[in-house]
Every structure is written in C-alpha cells, then in structure tokens.
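# Coordinates in review
For reference, the chains in residue letters:
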Amino acid sequence: MKSDIQNHFPQLYERGQLLFDQPLAKRSSFKIGGPADVLAIPHSQKELIALLIYALQKQIPYFILGRGSNLLISDKGIRGLVISMEGFQKITRDENYISAFAGVRLRSLCEFAQKEGLAGIEFAHGIPGSVGGAVFMNAGAYGGEIKDRLYCSKCLIPELEHLNSSNPILHLRAEQHEFSYRMSALQTRSLIHLSSVFRLTEDDPSAIRKRMQEIERTRWEKQPMDLPSGGSVFKRPQGHFTGKLVDDCGLRGYRIGDAAISDKHCGFIVNLGHATAQEVMQLIEYIQKTVYDRYQVTLETEIRMVGER
Ligand SMILES: Cc1cc2nc3c(=O)[nH]c(=O)nc-3n(C[C@H](O)[C@H](O)[C@H](O)COP(=O)(O)OP(=O)(O)OC[C@H]3O[C@@H](n4cnc5c(N)ncnc54)[C@H](O)[C@@H]3O)c2cc1C
C-alpha cells in the first residue's frame, strides 16, 4: 500500500505531507498511541477528496484526525490511512459571521473573534481541539455549546458516488447538524467536516478578553491542564457529576501504571509519564465497574477509542 499511495500522491509525498509509520502519540493530547501506517496532511479540498476516493476504491480504512484532544489511540496505532485536517486553516469575517476551516484551533477562533469584537464563542476558549473536532463532538463548556453559535457547515459525504460528482460538498444548515449533548449528525452520518460559519454578536473586545481570561483561569484552577489527558473521560450522566461519583468511590489519585485519576478533577485521567492506552483502558473499565457497583450509574465514555487492539 505504501509505495502505491506514494506513487498516487507524489506532490503530497514531496512536500512531506505523506508520512509512513508515523507515531501518533505526539498528535494526541494524552501523548499516547502507536503509529499510523500512513499519515496524510492534505491542504486543499481537492487533495482531501483524492485521498478519500483512493481509500474507498482500494478499501483502505481511513480515520479523520483533528487535534487529537478527544482520543485514546491504541498502543498498536491505526491501520490504514490517517488524514490530519491541520492543513485547513482559513478563518475570515463577514459582518457578524466568522467562517473557520476544520483545522483551525478553537483557541485561534476565539482569539480572532475577540480581536474582531465578536462575542459568543468565548466558552470554547481553552478547549484544545479544532473546529472540525468541535463541530463533530458538539463541544461545550461553561454554559455554551457549539450548537448555540453555529450557523452552517460544509461537509463531505465519504461515498464514491458523492465524491466523484461535480458538486461533492454537502451544505448543512444549523438544524441539520442534529446536535445534542456531545453528539451531531457528523457522527451518526460519518460526515467529514470542511468548514463552519458561526453567528456572533458585537461586543467590546476588552470585555470579551476579560471573559476569556476568566474561563482560562477557572480551567487552570479546576482541571489538570499541566498534564497530558483527553479531557473529561466520561459524558455527564443524567442527574450526576462524574467527578463527584468517582471521588465518592474513593478513587481520587487511583492509578494503573502511569495512568491516574487526576487529583485535581476526578473526571479526568492523566498520563503521569509513560502511560499506555492499555493502562488507560483498564482504568476506565475499573472506574465504570466501581461506580456502577456502588451507585448503579452507567458511565459512558466521551473520549473516543481508536486504532488496532
Ligand atoms: C485538557 C482538555 C480539556 C477539554 N475540555 C473540553 C471541554 O470543556 N468541552 C468539550 O466539549 N471538550 C473538551 N475536551 C475534549 C476535546 O478537546 C473536544 O472534544 C474537541 O472538540 C475535540 O477536537 P479535536 O480536533 O481534538 O478532535 P479529535 O480528538 O482529533 O477527534 C475527535 C473526533 O472527531 C472526529 N473529527 C475531528 N475532526 C474532524 C473533521 N474535520 N471531520 C470529521 N470528523 C472529525 C475524529 O475522527 C474523532 O472521531 C477537552 C480535552 C482536553 C485534553
């Protein structure tokens, strides 16, 4: 597969945007994960579509990677093709709307909006993901969610019939994203996010800056921002707070190998140095069992497990 894909995409290869046996740990906020057989970093829609068509025709599995901040990548890594969206970086303003491509960091989106005097996306400041990953996950924090400000998106349907058509782009209006808590139509329909437009509100840049700083301060106060993690491991169970349930089970600081329940926030698992995906998985299962046995509450993971087991 490697020489074939190299011959198919010589320009990507020459630009260093087609990499083989590439370790993924450095591309994951957990700093965990084995290699990708092939890591491709397209910089245009045309390159992305060509890669997807290639993968679909050759029946090579592919995975779309944002900033890797909601993933537990297995120790054996990901077979097939990993397509990183980091090459999609455009961000523009038109009146009170900001358009951002999939690979733009949420931090950059928030800072851009702040400088432009546009409010409403501050809640996302400090979420270490990309716009694509955030729309896919309907990311949210501090009372805000992506769904509150999203106006429309452009996506791809990863099917040959659509990708080969003269107009392969799917335009989604806000309601067509079918957003709910950490869920979207991008997940249920396996859509690939290209860009989104956010509808914001004019405000004083210094007032926006103040709110962003406040959110950042709270994050550093309450979350283990200084250690590698995947953010909240579990979705919030109805009527409960995960961190409190885990803490009440006496699990604060509990560790398996270098994977530990954070001392600062029991909803986070942190990597204390050389944690493996296997250790994190074992710890997740241990937490789920302990919490269920004690409170009969099922904890569903928010972080996504990917790769070969
Ligand atoms: C310290 C820390 C704090 C966090 N705090 C929060 C928080 O407050 N709120 C919150 O909601 N989340 C939080 N997270 C989790 C995470 O940052 C979000 O889920 C984020 O939206 C993931 O974006 P990403 O680009 O890193 O996606 P990735 O982790 O790379 O991918 C996540 C999923 O999205 C898919 N995906 C990514 N890009 C695309 C695309 N362009 N098209 C289609 N699918 C795509 C991937 O295939 C994968 O299934 C936190 C994480 C950390 C490490």
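Remember, it's a predicted structure, so these values are computed and weren't measured experimentally. (Residues numbered from 1 in each chain as written. Predicted model: local features only at pLDDT ≥ 70, side-chain atom pairs only at ≥ 80, totals over all residues. Heavy atoms only, no water.)

### Overview of the domain arrangement of the protein chain
When its domains are assigned, the protein chain resolves into domain 1 (2-84), domain 2 (91-220) and domain 3 (227-306). A C-alpha centroid distance of 27 Å is found between domain 2 and domain 3. With seven residues of domain 2 at the interface, the matching set in domain 3 holds five residues. Both sides of the domain 2 and domain 3 interface together cover about 560 Å² of buried area, and 46% of this is carbon and sulfur. On the domain 2 side of the contact with domain 3, Met 137, Tyr 181 and Arg 182 bury the most area, a combined 68% of that side's loss. Applying the counting criterion to the domain 2 and domain 3 interface returns one salt bridge. Notably, a salt bridge pairs Arg 182 with Glu 302, separated by 3.3 Å at the nearest N-O pair. Applying the counting criterion to the domain 2 and domain 3 interface returns four residue pairs in polar contact (both at pLDDT 80 or more). Residues that form the side of domain 2 that touches domain 3 fall into these classes: five nonpolar, one polar and one charged. (Domains from an automatic or database assignment. Contact = heavy atoms within 4.5 Å. Buried area = accessible area lost by both parts, 1.4 Å probe. Salt bridge = Lys/Arg side-chain N within 4 Å of Asp/Glu carboxyl O. Polar contact = N/O pair within 3.5 Å; in protein donor to acceptor, adjacent residues only side chain to side chain. Nonpolar A, V, L, I, M, F, W, Y, C, P; charged D, E, K, R; others polar.)

### Digging into helix 3 (residues 45-58)
Between the first and last C-alpha of helix 3 there are 20 Å, a value that for 14 residues agrees with the 20 Å anticipated at 1.5 Å per step. The complete set of buried residues in helix 3 reads Glu 47, Leu 48, Ile 49, Leu 51, Leu 52, Ile 53, Tyr 54 and Ala 55. Positioned one or two residues after helix 3, Gln 59 has a phi angle of 55°, which is positive. (Helix = DSSP H or I, 4+ residues; strand = E, 2+ residues; numbered from the N terminus. Expected span 1.5 Å × (residues − 1). Buried < 20%, exposed > 50% of the residue type's maximum accessible area, 1.4 Å probe, protein only.)

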